[in-house]
Amino acid sequence: MRVLLVDDEVSLGEALKRGLSAEGFAVDLAKDGLEGLRMAKETAYDIIVLDIMLPGMNGFKLTDTLRKEEIWTPILMLTAKDGELDEAEALDTGADDFLKKPFSFTVLLARMRALLRRGVESRPPVLSAGELSLDPASHIVKRGDVEIDLTSREFSFLELLLRSKGRVLTKREIIEHVWDYDFEGDSNIVEVYIGYLRRKIDLPFGTKSIKTVRGVGYLLDESGGANSEDPVVSKVS
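Residues numbered from 1 in each chain as written. Predicted model: local features only at pLDDT ≥ 70, side-chain atom pairs only at ≥ 80, totals over all residues. Heavy atoms only, no water.

Digging into the pattern of salt bridges
Where charged atoms from two side chains of opposite charge come close, those side chains can pair. Applying the stated rule across the entire model yields 17 salt bridges. With a shortest N-O distance of 3.9 Å, Glu14 and Lys31 are connected by a salt bridge. Residue Glu14 is found in helix H1 (residues 10-22), and its partner Lys31 is found in the loop between strand S2 (26-30) and helix H2 (33-42); the two are separated by 17 residues along the sequence. When the shortest N-O distance is used, the salt bridge between Asp51 and Lys101 registers 3.3 Å. Here the residue Asp51 occupies a position in strand S3 (residues 47-51), and Lys101 occupies one in the loop between strand S5 (97-100) and helix H5 (105-118), the gap between them amounting to 50 residues. When sorted by exposure, Asp51 lands in the same class as Lys101, which is buried. The structure contains a network of salt bridges with shared partners spanning Asp7, Glu9, Asp51 and Lys101. (Salt bridge = Lys/Arg side-chain N within 4 Å of Asp/Glu carboxyl O. Helix = DSSP H or I, 4+ residues; strand = E, 2+ residues; numbered from the N terminus. Buried < 20%, exposed > 50% of the residue type's maximum accessible area, 1.4 Å probe, protein only.)

Below, the structure is given as structure tokens:
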């Protein structure tokens with residue numbers, strides 16, 4: 001497996017390169033963000049391990065640039081900074097995992113192997129169905145060129161529907177993902193939010209993208225609902 005390691009700490013970078021090489025990885029070492037970006041674009045790596053604080057281009061920008069150019073190599077981001085915002089930004093810009101310094105080499109290997117098992121998938125940064133689009137990083141929802149204002153709960157609900165488009169979601173699945181496992185309120189809250197979403201993403205545009213599947217749950221029409229006439233369909237067998 002070929003690894004691109006991007007870290008400007010010379011001693012750490014060389015130590016990690018020796019350790020990973022001893023484990024059977026072929027390791028290329030870049031010592032700044034711009035060099036790392038060039039190497040990642042020129043060579044097909046199986047995994048990229050990079051620091052956040054890099055000269056030339058930081059890890060956030062490097063990751064974001066690779067994803068925008070549709071390079072989906074798994075990325076494990078390292079940082080000495082402590083804070084949830086850095087972890088959230090790493091994941092939102094397209095990193096697959098996050099490890100804080102100092103870390104155990106054994107844990108690093110385990111994280112890398114987990115990402116390698118997962119493999120490379122085509123993961124567009126923006127979710128879409130027809131003209132409807134949702135950007136998880138910027139929290140922007142659009143129907144065509146028109147931006148749609150959603151509450152945080154509505155945004156989470158729509159994100160779940162888009163990630164599961166074409167598949168029927170039960171009320172229980174929706175509650176567990178959009179609310180939580182311990183939610184004890186009325187399950188009719190799902191219908192309430194379906195109504196909110198329809199009034200924002202469908203009604204003003206003459207579309208009906210959110211379908212009700214009687215006796216099962218809800219699904220988002222993969223076409224975006226442009227040609228949909230009835231939001232209620234029969235149970236899928």
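Focus on the UniProt feature "modified residue: 4-aspartylphosphate" (unreviewed entry) in the protein
Here, the residues flagged by UniProt with the feature "modified residue: 4-aspartylphosphate" (unreviewed entry) are Asp51. A relative accessible area of 3% means that Asp51 is categorised as buried. If near-sequence neighbours (up to four positions away) are discounted, Asp51 is found in contact with Val6, Asp7, Asp8, Glu9, Gly59, Leu78, Thr79 and Lys101. (UniProt positions renumbered as here; feature names shortened; annotations may be inferred. Contact = heavy atoms within 4.5 Å.)

Things to note about the nonpolar core
In terms of nonpolar packing, the biggest core is built from 26 residues, with Val141, Phe157, Leu158, Leu162 and Ile174 touching the most fellow members. Ignoring any residue separated from it by four or fewer positions in sequence, one finds Ile174 in contact with Phe157, Leu160, Leu169, Trp179, Val190 and Tyr218. Leu4, Ile48, Ile71 and Met77 belong to the second largest nonpolar core, which has 21 residues in total. (Core = buried A, V, L, I, M, F, W, Y, C linked by side-chain atoms within 4.5 Å.)

Some thoughts on unusual backbone geometry
Residues other than glycine predominantly adopt negative phi, and peptide bonds predominantly adopt the trans conformation. Cis geometry is adopted by the peptide bond preceding Pro102, which originates at Lys101 and carries an omega value of -10°. Along the chain, Pro102 turns up in the loop between S5 and H5. One non-glycine residue, Glu70, adopts positive backbone phi at about 60°. Considering the arrangement of structural elements, one finds Glu70 in the loop between helix H3 (59-68) and strand S4 (75-79).

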